[in-house]
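Chain by chain, the residues:
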Amino acid sequence: MRGPGISVVICVYTEDRWEDILAAVRSVRAQSYPALETLLVVDHNPALLDRLTRAYEETGGVRVLPNAGPRGLSAGRNTGVSASRGEVIAFLDDDAVAELGWLRSFAEGYTDPRVLAVGGRTVPVWASGRRPAWFPEEFDWVVGCTYKGLPPGRARVRNVLGGNASFRRAAFEAAGGFATGIGRDGDRRPLGCEETELCIRLSLACPDAVLLIDDRAVIHHRVPEPRERFGYFRTRTYAEGLSKALVARSVGAAKGLESERRYATRVLPAGFARGLRDALLGRPGGAGRAAAIVTGILTAAGGYAVGSVRARRSGSPFSGAAVRETQGQRP
């Protein structure tokens, strides 16, 4: 099929994921719809930058470059966007592998010129070999994966999920890049929502824009053993509340919490009811899932409350204008 040229950006930060990074690149190079190029953006780690540069110096179509902005995932992605050549820029997590038709499914989504972003489905690969019995599917976003409650098939959404997503270059020209001051920074507190904030900002800048998810664009995301623990679950849901407060501060609570209201009033109560039902029927994990849903709601709400107070006191730590200034000219 004819379609847009797609650049793939993989942001990396630690040599601990060396084999994962190599696997991610291999999965991109094996695509049935070939990528125009693969860019590995290294986040302020000279040793990893040097090692990857040597590993791919004779590999065509793979470029290794340093994060040109402040430390963190958002600036790394902005560096990749600035350096890329494709009409579409796709993002893949450094600990994930894409199925063969991943880019083809993205490309098919862009046949409609109104479409400015297409995301996919991210499947967890649990280090223990199976999902923890207490872990509710409604909270798979905690481990960076597609969660129960998202629409099936190809559907219009408010925002895509950043570890398995693509954007038309015109999206960044219209709305700027990912906001620094929000999102991941290596192994520090697991904040997020940088792609949510960008997507909302994009929709405000381009009211006719269409953003899609397509569950045929599949990647498999590794979930390490520490992230299978309840302690990480609590930490991540609290951090999500903090992040949502930053998003609401940036784009307004009406837009920033639009999808979350449906999720909290429909998806989570249904999941809680299923957990209780399974507990009453003696099925393993039912009570744990119900309890985890309640815990997730409370810790996320607590994080949001704390984040809102901090944001009011200090002001938003980022802005769309500042992000747009990071966008350079591609070669």
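Above: the structure in question.
Residues numbered from 1 in each chain as written. Predicted model: local features only at pLDDT ≥ 70, side-chain atom pairs only at ≥ 80, totals over all residues. Heavy atoms only, no water.

J.: What am I meant to see in the overall build of the protein chain here?
T.: Of regular secondary structure, the protein chain possesses 11 helices and nine strands. The proportion of buried residues among the 331 residues of the protein chain is 53%. A separation of at least 24 residues holds for 80% of the contacts in the protein chain among residues at least 6 apart in sequence. Accessible surface, the protein chain as shown: approximately 14,500 Å² in total, 53% of it carbon and sulfur. (Helix = DSSP H or I, 4+ residues; strand = E, 2+ residues; numbered from the N terminus. Buried < 20%, exposed > 50% of the residue type's maximum accessible area, 1.4 Å probe, protein only. Contact = heavy atoms within 4.5 Å. Areas by Shrake-Rupley, 256 points an atom, 1.4 Å probe, with all protein chains shown as cover.)

J.: Looking at this structure, I do not really get the pattern of salt bridges. What am I missing?
T.: Pairing of side chains with opposite charge becomes possible as their charged atoms draw close. Applying the stated criterion across every chain, the model contains 26 salt bridges. The partner of E37 in a salt bridge is R85, with the nearest N and O atoms 3.4 Å apart. One end of the pair, E37, is in strand β2 (residues 37-42); the other, R85, is in the loop between α3 (73-83) and β4 (88-92), and 48 residues separate them in sequence. A relative accessible area of 41% places R85 in the partly exposed class. R77 serves as the salt-bridge partner of E194, at 3.0 Å between the closest nitrogen and oxygen. Of this pair, E194 sits in helix α6 (residues 194-205) while R77 sits in helix α3, placing them 117 residues apart in sequence. Accessibility classification places E194 together with R77 in one group, the buried group. (Salt bridge = Lys/Arg side-chain N within 4 Å of Asp/Glu carboxyl O.)

J.: Honestly, the environment of R121 in this entry has me stumped. Any pointers?
T.: Tracing the sequence through the fold places R121 in strand β6 (residues 115-126). Considered as a pair, R121 and D215 are 94 residues apart in the sequence and their alpha carbons are 4.8 Å apart. Side-chain polar atoms of R121 contact the backbone oxygen of D215, separated by 3.1 Å. (Polar contact = N/O pair within 3.5 Å; in protein donor to acceptor, adjacent residues only side chain to side chain.)

J.: I would appreciate a short explanation of a nonpolar patch on the surface in the present structure.
T.: There is a patch of nonpolar side chains on the surface, built from F272, L276, V294, I297 and L298 and spanning about 410 Å² of accessible area. Those elements giving two or more residues to the nonpolar patch turn out to be α9 (258-280) and α10 (286-314). Sort the elements by how many residues they give to the nonpolar patch and α10 lands first, with three residues. In this structure, I297 sits in helix α10. Judged by relative accessible area, I297 falls into the partly exposed class, the value being 38%. (Patch = residues over 30% accessible without salt bridge, like charges linked within 9 Å, V, L, I, M, F, W, Y side chains within 5 Å.)

J.: Is there a simple way to think about the environment of V28 in this case?
T.: Locating V28 in the fold gives a position in helix α1 (residues 18-29). Taking the C-alpha atoms as reference points, V28 and L103, separated by 75 residues in sequence, lie 8.4 Å from one another. Contact partners of V28, with chain neighbours within four places excluded, come to V8, I10, A35, T38, L92 and W102.

J.: Help me out: how do you make sense of the packing of α1 against helix α2 (residues 46-56) in this one?
T.: Axis angle and axis distance: for two packed helices, these are the angle between their axes and the distance between the axes, and together they describe the pair. Where α1 contacts α2, the axes come no closer than 13 Å and their chain directions differ by 40 degrees. By the angle class used here, α1 and α2 are oblique. For the pair α1 and α2, the crossing hand works out as right-handed. Residue-level inspection shows W18, I21, L22 and V25 of α1 in contact with α2, the latter providing L48, R51, L52, A55 and Y56. Its residues placed into classes, the contact of α1 with α2 shows eight nonpolar, no polar and one charged. (Axes fitted to C-alpha atoms, helices over the stretch in contact; angles between N-to-C directions. Parallel < 35°, antiparallel > 145°, perpendicular 65-115°, else oblique. Left-handed = near helix turned anticlockwise from the far one by under 90°. Nonpolar A, V, L, I, M, F, W, Y, C, P; charged D, E, K, R; others polar.)

J.: Where do I start with the pairing of strand β3 (residues 62-66) in this structure?
T.: Moving residue by residue along a regular strand, the side chains alternate between the two faces of the sheet. As paired elements, β2 and β3 share five bridges and run parallel to each other. Bridging across to β3, V42 finds its partner in P66. In terms of handedness, the path from β2 via α2 over to β3 forms a crossover that is right-handed. (Pairing = 2+ DSSP bridges. Right-handed = clockwise from strand over helix to strand, strands pointing away.)

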